[in-house]
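Each chain, letter by letter, is given below.
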Protein chains: 2
Amino acid sequence: MAVDGTDENSLEQGIHTKDAGRLRRDGRHRRSQSELKCGVRLTHFHRLLVSLVGADWIFLMILGFIMAVISFVMDIFVTLFTDAHRWIYDLSDSHVFLQYFAWVAYSMILMCFAAGFANIVSPQAVGSGIPEMKTSLRGVVLQEYLTLRTLVSKVISLTCTLGSELPVGKEGPFVHIGSMCAALLCKFMSLFSGIYKNEARNKEMLTVGCAVGIGCCFASPIGGVLFSMEVTSMFFVTPNYWRGFLSATFGSLIFRLLPVWHHEEETLTALYATKYRLDFPFDLQELPAFAAMGIVCGFGGAFFVYLYGKITLFVKKQKATNSFLMKNCFLYSALVSVLISTLTFPPGFGQFMAGKLTQRDSLISFFDNRTWSNHGIIADFDNDDHLAAWKHPQANVFIILTIFVIMKFWMSALSITLPIPCGSFVPIFVIGAAFGRLVGEGMATLFPEGINTDGHIYPIVPGAYAVVGAAALTAGVTHTMSTGVIMMELTGQIGHILPILISVILANMVSQSLQPSIYDTVIRIKKLPYLPLLRWGHREKHNIHVEDFMERDVRYITLKSTYRDVYRILRSGDLKTLPLVKSAESMLLLGSVEHAQLQALLKQRAQELREGHTPSMTTSYRVHFQTSTEESSSASDHPASPKPLKPALKKAAVDEEEITNPYDSGISLKKLCCSQPDIDALQDYPDTEDDTILQEMEEWEEQELDEQVNFNNCKIDPAPFQLVEGTSLHKTHTMFSVLNLDYAYVTSVGRLIGVVSLKELSKAIEGSMPADGVRLRPILASFRDRGIKGTRIETAELHKLLDHQAS
Amino acid sequence: MAVDGTDENSLEQGIHTKDAGRLRRDGRHRRSQSELKCGVRLTHFHRLLVSLVGADWIFLMILGFIMAVISFVMDIFVTLFTDAHRWIYDLSDSHVFLQYFAWVAYSMILMCFAAGFANIVSPQAVGSGIPEMKTSLRGVVLQEYLTLRTLVSKVISLTCTLGSELPVGKEGPFVHIGSMCAALLCKFMSLFSGIYKNEARNKEMLTVGCAVGIGCCFASPIGGVLFSMEVTSMFFVTPNYWRGFLSATFGSLIFRLLPVWHHEEETLTALYATKYRLDFPFDLQELPAFAAMGIVCGFGGAFFVYLYGKITLFVKKQKATNSFLMKNCFLYSALVSVLISTLTFPPGFGQFMAGKLTQRDSLISFFDNRTWSNHGIIADFDNDDHLAAWKHPQANVFIILTIFVIMKFWMSALSITLPIPCGSFVPIFVIGAAFGRLVGEGMATLFPEGINTDGHIYPIVPGAYAVVGAAALTAGVTHTMSTGVIMMELTGQIGHILPILISVILANMVSQSLQPSIYDTVIRIKKLPYLPLLRWGHREKHNIHVEDFMERDVRYITLKSTYRDVYRILRSGDLKTLPLVKSAESMLLLGSVEHAQLQALLKQRAQELREGHTPSMTTSYRVHFQTSTEESSSASDHPASPKPLKPALKKAAVDEEEITNPYDSGISLKKLCCSQPDIDALQDYPDTEDDTILQEMEEWEEQELDEQVNFNNCKIDPAPFQLVEGTSLHKTHTMFSVLNLDYAYVTSVGRLIGVVSLKELSKAIEGSMPADGVRLRPILASFRDRGIKGTRIETAELHKLLDHQAS
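For clarity, every value in this text was computed on a predicted model and none was experimentally measured. (Residues numbered from 1 in each chain as written. Chains lettered and ligands numbered in written order. Predicted model: local features only at pLDDT ≥ 70, side-chain atom pairs only at ≥ 80, totals over all residues. Heavy atoms only, no water.)

(A) Region of interest: the packing of aromatic side chains. Scanning the model with the defined rule gives 36 aromatic pairs over all chains in all. Both rings, one in A:Phe366 and one in A:Phe404, keep their centres 5.6 Å apart while their planes meet at 70 degrees; by these two values the pair is edge-to-face. One end of the pair, A:Phe366, is in helix α14 (residues 359-366); the other, A:Phe404, is in helix α16 (residues 397-415), with 38 residues separating them in the sequence. Of the two residues examined, A:Phe366 and A:Phe404, each falls in the buried class. For the ring pair B:Phe280 and B:Tyr458, a centre distance of 3.9 Å and an interplane angle of 5 degrees mean the geometry is stacked. Here the residue B:Phe280 occupies a position in the loop between α10 (241-261) and α11 (287-321), and B:Tyr458 occupies one in the loop between α17 (425-446) and α18 (462-478), the gap between them amounting to 178 residues. Taking the relative accessible area as the measure of exposure, B:Phe280 reaches 1% and is therefore buried. Take B:Tyr458: its relative accessible area is 15%, and that puts it in the buried class. (Phe/Tyr/Trp six-rings, centres within 6.5 Å; stacked < 30°, edge-to-face > 60°. Helix = DSSP H or I, 4+ residues; strand = E, 2+ residues; numbered from the N terminus. Buried < 20%, exposed > 50% of the residue type's maximum accessible area, 1.4 Å probe, protein only.)

Here it is in structure tokens:
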């Protein structure tokens, strides 16, 4: 069954022509005809199977199905965990301390298990996963990042984390889980069909995995595709678009079908279906309120990212100084868990922030289409547990909502810094919805009979404000537009499309000008390779060209380079590839050579020299050696001379590390070949002629190193990516993004004049960055920059760039 | 006010430092301080204005506003036209022939005006616009395509077309109108801010224009962005995504606000708002029906494209043979208009297909949430004009709907072939909705109490089927996923998201495997340059590499090329650029030279030779001339010899056309310089020495042509796009799409071995194409291809490709 070759078609064709041949040959043997028919049928079946397995839609549907099942089963377990939490809590209501202990310990134990499991089984499972996927899809493969081990670790640990009721979400990890499933499925399918060995195709499938992850998390296929596209890719291949749609739709379908089959729900509806009125969704005069919410959420989102960055840097610092915390991933998790669950303890402070409710319950209550407050006092809703949590004898609904927003804000920012799998999307969602509900209740109190004065009374729907708030705050944190779409799919209503989009756009405008997105912040803090975006306020960058920011001091090798030159260049840095030019004078770029290729060249040279002493000695060495011995005055003529060289060059295995390690100044081929001269081996031979021979040898080696490199056996990339010096920053950025370049050579009429790598490009886009790779902009920084100062600073940066060119 | 320089920042900085300088210098003169303050304020104001004008969001909002106003005003006029049509029709109800005449003549006159106006003012306004925009965004600029003249022509002619009630839509033309507005606005804004001179930015704005066009047409910002992205681009730049969203959202907002301000509507709702129940949108068991509809719509969509292609080709053929039709664009339009309006004449055949209803009225009635049929007989709805049209004493609702679908199907396919601005989206939409309503009514008749048996009775909603049918059929014709999103935004309900997406995906799968999309078909028929997609069933192409399909017979110039060589190459074809290699032996690719550059070189050479006879004669010419005169026996020494040459070379203006025109075999520099020897001028001089001199000159010119080209003044592109021979077809396709390449050189270790242009790439993807560029696949062709035959044909194609390489 296993097709190991790559070309499936030629294989199929092969089978076909073979069959035809057999048919003709065996035509006369009537007895074997039935067997033959059977064989043909089998071949047909085989071909059908291979083509089915290789078909995209089969793969995409399987992927969608798997993700839907994972998401559904995880939801069941999370519900089980949280129900058990409530059950234990209710059971121990005899004494408040016992109850407190049960409430806190349960969360803590689950959290510790989650942290321990993730860190022991696979530390790659820690975190959201979106920043890492962004980096992976950028072309930088992170090790162990898409394995079964990590998948198991992430799924189990995420379930426990969510069960412990920490304010974290599952959407980020689900992007990662989706990609892992896609990668593993590709691997599995490659057993059956050669098409799965295609790298480009598998990368496309990873993108699909991201979309399916989100789609199955929120049952939002369209939002899932758009969100994964916005968050993970710089460029989106439109013809591949249907893949994401097919898989995410099928995943969502199964994800929503499972509860129906499970007799939990009656039919397919949205996950948080709302029932706002259709005929008059909102009043025109409410639009300014929605817009204002968008702006506030933009500030809030930026502040959240800022807070997250501060906490992470603080924890990192603590870890660096205090090895105790670093060693015990449990301790930090446990501490945070105890702190948070103490504050949410329902009879304690939790009563002021609806501590009893899970995230899901809170969301359902925020999206409720009834108005809670009647002039500030919560109305009576019988037997509604969710709404009862927001009712407090001492505090009105505004106070409780405000406390909820503030407390959850820092709790969420703190929680997502923990070494566990956790997403920031859902907690932000909840905070946004709470904020929206707060504004909505305020509006309902201000205008109890609605704003419209044309006869009809359309009261304000505070639930709609919650929807808009959730979309806007999430947009502010993630810098995406698709949160609006996710919101509509999540609630199953699209009537508020314009308020949602307006607030999402405003939130994006505000937060993008203040802070990078949460994912970019993680990428910076984790120092993952990335390319910043050219966004709002980067207009002036249109006038910067490659020559303004390229690195002019290029290390290169020429056709006339000696082995010594190559060795020196290899030692001097960790460049992945080196440009090959015709000569140092002409600088005509011929191609690029990989670091590893050059190392192999040196190794091979050493090998040749060593083998030069066996009968198959290279002539050049023989000639050289003879001339050198002729030149030397004593001990020259007898044929034993090659012998002593042998042990000295015996240890010819050159590790890559040894070459890249900084050596002392005096280099010789011997040092290159054997890091330590094999003294024991030398001592086996008589000392009489060795000294002179060794000295000769060193001389010879020195000369040998000055020989020109023979590039014949070296794989040269004849078409490394080239830019002309006048290419604009904008175009360069596009090229780097689209083609996933790491570097490009800058040429002028074929002459190499510089090189641009991701580093230079990032610098040109962002200005200078501090050494640790993190640049948290103080909040409101860009507002202070604006106006007259703004232009001065911008032009100063421009000039710095230009100066950089001059120097 | 006008800032003509390009660098806005440096300008601003310049103003700033100037101000500062002024401040210091004028510090002592107190009197002038108030003036100065005023100046500073003015400068501030100026800077603010420039930065505001240059800001993206201002531009995007203006664009959205303009498009919304155009769309709204157009809708008002179309309503006026159709109301007038009904009014005239009702007025003339005294006699049926008079009524018929009024009904038909009104449509015909409007149609003829539309066709005439479009063709006379700007023929570029004809057609949908989406195929042309696709080509334009691909990098091929179509002439006169984005001018004010075309805009006016398109808007007015489209309004009349829509007013004549031909089954065409406004969405395609609106994509074009949006782009034109964006282009014109860019041009206008460039008067104020230099940033608008950036080509890349303006191209991004064109994409935005497409999105806004759709967004303002259907009040669907998300669907608009997605549709424009799917239809016009191969690759989508995610960071630019917000531009489309912002502009389309603002456009939609204004488009929906205008009716509210106009007191037509109460608040912002969807364009065709539906009111289906929210709690139980559809039954699980209805899903197979939705899926089946998707498949049928896929076939229907493919058949529509096939029919359209057939009609267009037929009309083209007729035009070619019958010049009468070609000359009279009116006649064809008038004929079709009369035919269609005769068939829809309400008292005639129109009574069986609701001929009275406009497209908008039909759509509203299809989306109605009531069930029309009660066991086949239409129920009574009092005073509802729209629904009454579907009620007929002799025919039940199924027959009427079936007739409607069939008649509208071919009418729409015919209408969009007319030489008028017309979109295919809306008519397809209507047909799909009618088909969906037909299926829905059938389901409602089959299951009058709904399918669900769990106690609750949820009757089937036929309107939802209409929604799904409309989305699916449009998806089948346009090959897009976003029709589903547009549908949800259009109806303002998202409850049927899963049925819609499932049927859209299935329709796409079926129709993509049968026919190209309607836009690609237009591109092929109009022979616009394009790059086919790698879609379903193109899996096997993963194993084709550049060397398998590149053109090996490359015409090139070398550093040693003579002027004669260059001339010959220029004559031999219309290549835009030629590769420059080091020598014919080494074939080392140095760069590429544009055709125009080489022509300029030849022209310059001719110029030099001509000027060689003036005192500033070039030495090489002087030397050559002297040697040639020495060699000639007579009439050599007197200094008058340069004189006669002058008039012969006087007409040195070489047109580009003259060079590219095929010449006779004997070429000389003289011919090159002056297409006709200036005989009159020659006759002014005595004939005595002229003959010999002319002959000498010709000889000399012949030799001169054999001189090596001096490339010093020639602009050489040092980094033309290069591919290695092992690059896969897939990667090549990506590169060409992303970087909008027209050609790429194939090199092997720096040596030029081939060239790949769009033509070769298209061939490799599609197999061979007939000469006229159109390849309508017979319907069901791909199904016949499938199975055993399929693989045989595919491998045969593969081998053909491989043979092509060998030959």
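(B) Here's a closer look at the confidence of the model for chain A. Residues and elements named next belong to chain A. The pLDDT averaged across chain A works out to 74; a share of 71% of its residues lies at or above 70. Throughout residues 613-687 the model reports pLDDT below 50, and contacts reaching past four residues in sequence, or to other chains, amount to 93 contacts. This stretch, residues 768-807, has a pLDDT under 50; its non-local contacts, to residues over four places away or in other chains, come to 67 contacts. Interface scoring of the predicted complex returns ipTM 0.74; its pTM is 0.75. (pLDDT = per-residue confidence, 0-100. Contact = heavy atoms within 4.5 Å.)

(C) Here's a closer look at the side chain of A:Thr558. Here A:Thr558 is to be found in strand β4 (residues 557-558). If we ignore the near neighbours within four places in the chain, the residues touching A:Thr558 are A:Leu580, A:Val581, A:Lys582, A:Ser583, A:Ala584 and A:Phe711.

(D) Inspection of the packing of α17(B) against α18(B) at higher detail. Residue and element names in this part refer to chain B. Look at α17 against α18: their axes get within 6 Å of each other, and the N-to-C directions meet at 140 degrees. It follows that α17 is oblique to α18 by the angle criterion. Crossing of α17 over α18 shows right-handed handedness. Its residues assigned to classes, the contact of α17 with α18 shows 14 nonpolar, seven polar and two charged. (Axes fitted to C-alpha atoms, helices over the stretch in contact; angles between N-to-C directions. Parallel < 35°, antiparallel > 145°, perpendicular 65-115°, else oblique. Left-handed = near helix turned anticlockwise from the far one by under 90°. Nonpolar A, V, L, I, M, F, W, Y, C, P; charged D, E, K, R; others polar.)

(E) Spotlight on the side chain of A:Ser412. Residues and elements named next belong to chain A. By the secondary structure assignment, Ser412 is in helix α16. Classification of Ser412 by relative accessible area gives buried; the value is 1%. Once residues within four sequence positions are removed from consideration, Ser412 is found in contact with Pro167, Phe304, Pro427 and Ile431.

(F) Representation of the state of the cysteines in the model. All names here are of chain A. Per the counting criterion, the structure on display carries zero disulfides over all chains. Cysteine Cys217 is unpaired, with the sulfur of Cys216 as its nearest cysteine sulfur at 8.6 Å. Residue Cys217 is classed as buried on the basis of its relative accessible area of 3%. Lacking any disulfide linkage, Cys422 is separated from the closest cysteine sulfur, that of Cys217, by 13 Å. (Disulfide = S-S within 2.5 Å.)

(G) Broad picture of the pairing of strand β9 (residues 743-748) of chain A. Residue and element names in this part refer to chain A. Most of β9 is tucked away, with five of its six residues classed as buried. Sheet analysis places strand β8 (residues 722-724) next to β9, joined by three bridges and oriented parallel. Residue pairing in the sheet places Leu723 in a bridge with Val746 of β9. Where β9 and strand β10 (residues 751-757) come together, six bridges link them in antiparallel fashion. The residue bridging Tyr745 from the neighbouring strand is Val755, located in β10. (Pairing = 2+ DSSP bridges.)

(H) Quick peek at the sheet that holds strand β4 (residues 557-558) of chain B. All names here are of chain B. Spatially, β4-β5-β6-β7 is the arrangement adopted by the four strands of the open sheet, whose pairing is mixed. One side of each edge strand has no neighbouring strand; the edge strands of this open sheet are β4 and β7 (716-717). Pairing of strand β5 (residues 577-581) with strand β6 (residues 589-594), which is carried by five bridges, proceeds in the antiparallel orientation. The residue bridging Pro579 from the neighbouring strand is Ser592, located in β6.

(I) The sheet that holds strand β10 (residues 751-757) of chain B, seen in detail. All names here are of chain B. Strand order in the open sheet formed by three strands is β8-β9-β10, and the pairing between neighbours is mixed. Whereas interior strands pair on both sides, the edge strands pair on one side only; in this sheet they are β8 (722-724) and β10. Each strand of the sheet is rotated relative to its neighbour by a mean of 35 degrees, with strand direction disregarded.

(J) Structural detail: helix α14 (residues 359-366) of chain B. Among the eight residues that make up α14(B), six are buried, leaving the element largely enclosed by the rest of the structure. Restricting attention to buried positions, one finds in α14(B) the residues B:Gln359, B:Asp361, B:Ser362, B:Leu363, B:Ser365 and B:Phe366.

(K) Just the pattern of salt bridges, in detail. All names here are of chain A. Here the structure, examined in full by the defined rule, presents twelve salt bridges over all chains. Glu132 is paired through a salt bridge with Lys526; the nearest N and O atoms lie 2.5 Å apart. Separated by 394 residues along the polypeptide, Glu132 in helix α5 (residues 130-137) and Lys526 in the loop between α21 (518-525) and α22 (546-549) bring together distant segments of the chain. Exposure remark for Glu132: the relative accessible area of 5% places this residue in the buried category. Taking the shortest distance from any N to any O, the salt bridge between Arg437 and Glu441 comes out at 2.6 Å. A residue pair is termed a helical-turn pair when its members lie 3 or 4 positions apart in one helix, as Arg437 and Glu441 do in helix α17 (residues 425-446) at four residues. Note on Arg437: relative accessible area 0%, which makes it buried. (Salt bridge = Lys/Arg side-chain N within 4 Å of Asp/Glu carboxyl O.)

(L) View of the environment of A:Leu246. One can find A:Leu246 in helix α10 (residues 241-261). As for A:Leu246 and A:Val208, which are separated by 38 residues in sequence, their C-alpha atoms are 9.3 Å apart. Discounting chain neighbours no more than four positions away, the residues touching A:Leu246 are A:Trp57, A:Leu60 and B:Ile505.

(M) Up close: the pairing of strand β5 (residues 577-581) of chain A. Residue and element names in this part refer to chain A. For β5, a buried count of five out of five residues is recorded, marking the element as mostly surrounded by other parts of the structure. Of the two faces of β5, the one holding Thr577, Pro579 and Val581 and the one holding Leu578 and Leu580 are both buried throughout. Sheet analysis places β4 next to β5, joined by two bridges and oriented parallel. Across the sheet, the residue bridging to Ile557 is Leu580, located in β5.

(N) Looking closely at helix α19 (residues 483-491) of chain B. Residues and elements named next belong to chain B. Within α19, nine of the nine residues are buried, leaving the element largely enclosed by the surrounding structure. Inspection of α19 places Thr483, Gly484, Val485, Ile486, Met487, Met488, Glu489, Leu490 and Thr491 among the buried residues, and these make up the whole buried set. Looking at the residues trailing α19, positive phi occurs at Gly492, about 70 degrees.

(O) Main features of the nonpolar core. Counting 317 residues, the largest nonpolar core has A:Ile177, A:Phe366 and B:Phe366 as the members making the most contacts within it. The residues contacting A:Phe366, other than those within four sequence positions of it, are A:Trp372, A:Trp390, A:Leu401, A:Phe404, A:Val430, A:Ala433, A:Ala434, A:Arg437, A:Gly463 and A:Ala466. Membership of the second largest hydrophobic core comes to 38 residues, among which are A:Val546, A:Leu758, B:Leu723 and B:Leu741. (Core = buried A, V, L, I, M, F, W, Y, C linked by side-chain atoms within 4.5 Å.)

(P) Molecular detail of a nonpolar patch on the surface. Residues and elements named next belong to chain A. There is a patch of nonpolar side chains on the surface, built from Phe113, Leu148, Val152 and Ile156 and spanning about 340 Å² of accessible area. The dominant element in the nonpolar patch, judged by the number of residues it contributes, is helix α6 (residues 148-163), at three residues. Within the element layout of this structure, Ile156 appears in helix α6. Since its relative accessible area comes to 33%, Ile156 is described here as partly exposed. (Patch = residues over 30% accessible without salt bridge, like charges linked within 9 Å, V, L, I, M, F, W, Y side chains within 5 Å. Areas by Shrake-Rupley, 256 points an atom, 1.4 Å probe, with all protein chains shown as cover.)

(Q) Looking closely at a positive patch on the surface. On the surface, a cluster of positive charge is contributed by A:Lys560, A:Lys582, B:Lys560 and B:Lys582. With respect to the helices, strands and loops of the structure, A:Lys582 is situated in the loop between β5 and β6 (589-594). Its relative accessible area of 31% is what places A:Lys582 among the partly exposed residues. (Lys, Arg positive; Asp, Glu negative; His and termini not counted. Charge placed at Lys NZ, Arg CZ, Asp CG, Glu CD.)

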